[in-house]
Amino acid sequence: MNQDPQERSDEAGLPAAPSVPGALFRGAKAMDADWVLSRLLMAGLVLAVLILVAGVGLAIAGVGDEVTRGSSLSALPRALAAGEPWGFFILGLLVLVATPVARVLFLLVWFARRGSWWFFGVSAIVLVVISLSVVLGLRA
Amino acid sequence: MTYVFLFAVVGFVAGIFGSMVGLGGGVFIVPALTLFLGVPIHDAVAASLIAVVATSASGSITYLREGLVNLRLAVSIETALALGAITGGLVGALLDKGTLSAIFGAVMMAVSIYMGLRRKVSPRVSVDGAGLGRLGASYVDRELGHTVGYAVRRLPLGLFVGLVAGNVSGLLGVGGGFLTVPTLRLGMGVPMRAAAATSSFMLGVTACAGALVYLVRGAVDPVVTVPVVLGVTAGALVGSSLAARVKSSVLAVVLAVVLLALAVQMILAAVGVSIR
């Protein structure tokens, strides 16, 4: 992850030819952020694809009702319990869409732990706006 | 069943080409679904938005590992992008099919022109080390063989374009990278590699905000969306491995021509003329 100027000046004595890409102006904490974020995105993507593929398998096997659209999200637990493909499809898509939200949450905590309150505030605004999309979607 | 397979093929092809030229794939998915497979444009937009989340995630994994993403800049512009995406999603649901198709056609024309011309724009010279400011950053450029530092200029411009790009994304189901990448690069002084990486990272949140509007409203058709998402994810993986073997400037020009043809067809379809 990129760092602020103060941190860069603190680390000005690092080797000029870093063995890790981007290490010249970067510290251990910054490396962790990029590492955790890439793992977080990978986990979300893989989990979503696995759930979607499970749904496809159930649909091909003819388990549950025919896939429908327009059903309320409140029907999701029942659909999952019944092993209906629709439930797996919507859950997989929700996991996928929730992945960027999870990484904003991670950044919120990350900036707070580093005392970067300006960027903590900015991350909080992003979360509020995303939450707004859920509220507006439910009301529309 | 045939259509489900074709939806997956559309996603796969969009994933390959999108990842090879640095786009989310939405500009290919929406016209292919609506013009050739008869999917209603609102369903195509919803499917495309969720597909963009997948391509953003898969692209960002690599960019993060290479240390190219400017997280502070990304999260700053995401405020405007997410806000724009929600407005776009709500407005898009209210527009009729013809108007939405016509707007999409016009935006596709802009994308095709951007893709055709972008390689001719000279890259900005970056600075090393000091004076990078609050949003500035650095990364190791393997091609140049040294660390590149850059300061970020004109944040208000980035926020304004972010709002517009978010709006276009929510409205049309595209990522909006064709607006954010040139703005970061030419307007804000971010080097190309960092601009593409940061843009790809940001678009996940943009598309997520727009997609949530559709998802919680129950306006997502899984029969269309699931094969597209699975296809685009597989395509993005293949495309990223092919990118190094194909000359991207040639590919960009070819795709620009294809997009222009699709744009014309989309606009003609919007006014009730079919040339198929």
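Described in the following lines is the structure provided in the data block. (Residues numbered from 1 in each chain as written. Chains lettered and ligands numbered in written order. Predicted model: local features only at pLDDT ≥ 70, side-chain atom pairs only at ≥ 80, totals over all residues. Heavy atoms only, no water.)

### Side note on the overall build of chain B
Using the following cut-off: Helix and strand assignments follow DSSP, with helices taken as H or I runs no shorter than four residues and strands as E runs no shorter than two, numbered in order from the N terminus. Throughout this description, buried means an accessible area under 20% of the type-specific maximum (1.4 Å probe, protein chains only), exposed means over 50%, and partly exposed covers the range between. Contacts are assigned to residue pairs with any non-hydrogen atoms lying within 4.5 Å of each other. Where accessible areas are quoted, they stem from the Shrake-Rupley method and a 1.4 Å probe; at the residue level, only the protein chains shown are allowed to cover.
Looking only at helices and strands, chain B has 10 helices and two strands in total. Of the regular secondary structure in chain B, the N- to C-terminal order runs α-α-α-α-α-β-β-α-α-α-α-α. Across the 276 residues that make up chain B, the buried fraction comes to 60%. Long-range contacts, defined here as pairs at least 24 residues apart, represent 78% of the contacts in chain B between residues at least 6 apart. For chain B, the exposed area adds up to about 9,900 Å²; of that, 69% sits on carbon and sulfur atoms.

### What about helix H8 (residues 192-216) of chain B?
Short version of the rule: To estimate how far a helix should reach, multiply one less than its number of residues by 1.5 Å.
With 25 residues, H8(B) extends 36 Å from end C-alpha to end C-alpha; this agrees with the ideal 36 Å at 1.5 Å per step. For H8(B), the tally of buried residues reaches 22 of 25 residues, placing the bulk of the element in the interior.

### Some thoughts on the pattern of salt bridges
Stated precisely, the cut-off is as follows: Any carboxyl oxygen of Asp or Glu that lies within 4 Å of a side-chain nitrogen of Lys or Arg is treated as forming a salt bridge with it.
Following the criterion strictly, the structure yields two salt bridges over all chains and no others. Close ionic contact of A:Arg78 with A:Glu84 constitutes a salt bridge, the shortest N to O distance being 3.2 Å. A salt bridge links B:Glu78 to A:Arg103, with the shortest nitrogen-to-oxygen separation between them at 2.5 Å. Residue B:Glu78 is located in helix H4 (residues 71-94), and its partner A:Arg103 is located in helix H4 (residues 85-114); the two belong to separate chains. Exposure class is identical for B:Glu78 and A:Arg103. Each is buried.

### Observations concerning the packing of H4(A) against H4(B)
Applied cut-off: Helix axes are fitted to C-alpha atoms over the stretch in contact, other axes to C-alpha atoms as well, and angles between N-to-C directions run from 0 to 180 degrees. Here roughly perpendicular refers to angles of 65 to 115 degrees, roughly parallel to angles under 35, roughly antiparallel to angles over 145, and oblique to all remaining angles. Two helices cross in a left-handed way if the nearer one is turned anticlockwise from the farther one by less than a right angle. They cross in a right-handed way if the turn is clockwise.
Look at H4(A) against H4(B): their axes get within 12 Å of each other, and the N-to-C directions meet at 120°. One element, H4(A), and the other, H4(B), form an angle in the oblique class. Of the two possible hands of crossing, H4(A) and H4(B) adopt the one that is left-handed. Side by side, H4(A) and H4(B) meet where A:Arg103, A:Val104, A:Leu107, A:Phe111 and A:Arg114 of the first sit next to B:Leu71, B:Arg72, B:Val75 and B:Glu78 of the second.

### Observations concerning unusual backbone geometry
All names here are of chain B. Within the chain, Arg154 stands out as a residue other than glycine whose phi angle is a positive 50°. Along the polypeptide, Arg154 turns up in the loop between strand S2 (146-150) and helix H6 (155-172). When its relative accessible area of 47% is taken as the criterion, Arg154 is described as partly exposed.

### Notes on the nonpolar core
Residue and element names in this part refer to chain B. Put simply, the rule reads: Side-chain atoms within 4.5 Å are what join buried Ala, Val, Leu, Ile, Met, Phe, Trp, Tyr and Cys residues into a set we call a nonpolar core.
Judged by nonpolar contacts, the single largest core of 110 residues is most densely connected at Leu33, Ile50, Val190 and Phe201. For this core, the element with the most residues is helix H3 (residues 41-65), which contributes 14 residues. Apart from the residues lying within four places of it in its own chain, the contact partners of Leu33 are Phe7, Val10, Gly38, Val39, Ala44, Ala47, Val224 and Val228.

### Quick notes on the pairing of strand S1 (residues 137-141) of chain B
Residues and elements named next belong to chain B. Definition in use: Strand pairing is assigned whenever DSSP detects at least two bridges linking the two strands.
S1 sits mainly inside the fold: five of its five residues count as buried. In this structure, S1 lies alongside S2, joined through five bridges in antiparallel fashion. In the sheet register, Tyr139 faces S2, and the bridge partner there is Val148.

### Details of the environment of B:Ser101
All names here are of chain B. By the secondary structure assignment, Ser101 is in helix H5 (residues 97-117). Residue class for Ser101 comes out buried when judged on its relative accessible area of 8%. Separated by 90 residues in sequence, Ser101 and Pro191 have C-alpha atoms that sit 34 Å apart. When near neighbours in sequence (up to four residues on either side) are disregarded, Ser101 contacts Ile41, Met266 and Ala270.

### Concerning the environment of B:Val53
Along the chain, B:Val53 turns up in helix H3. Considering only alpha carbons, one finds B:Val53 and B:Thr233, 180 residues apart in sequence, at a separation of 9.8 Å.

### Brief notes about H4(B)
All names here are of chain B. Here is the rule: Two N or O atoms form a polar contact when they lie within 3.5 Å of each other; inside protein one atom must be a possible hydrogen donor and the other a possible acceptor, and for residues adjacent in sequence the pair counts only when both atoms belong to side chains.
The first and last C-alpha atoms of H4 sit 34 Å apart over 24 residues, in line with the 34 Å expected at 1.5 Å per residue. By the criterion of burial, H4 is predominantly enclosed, with 18 of the 24 residues buried. Regarding H4, its N-cap is Asn70, as a side-chain oxygen of that residue lies 3.4 Å from the backbone nitrogen of Arg72 further along.

Scope: geometric values only; no functional claims are made or implied.
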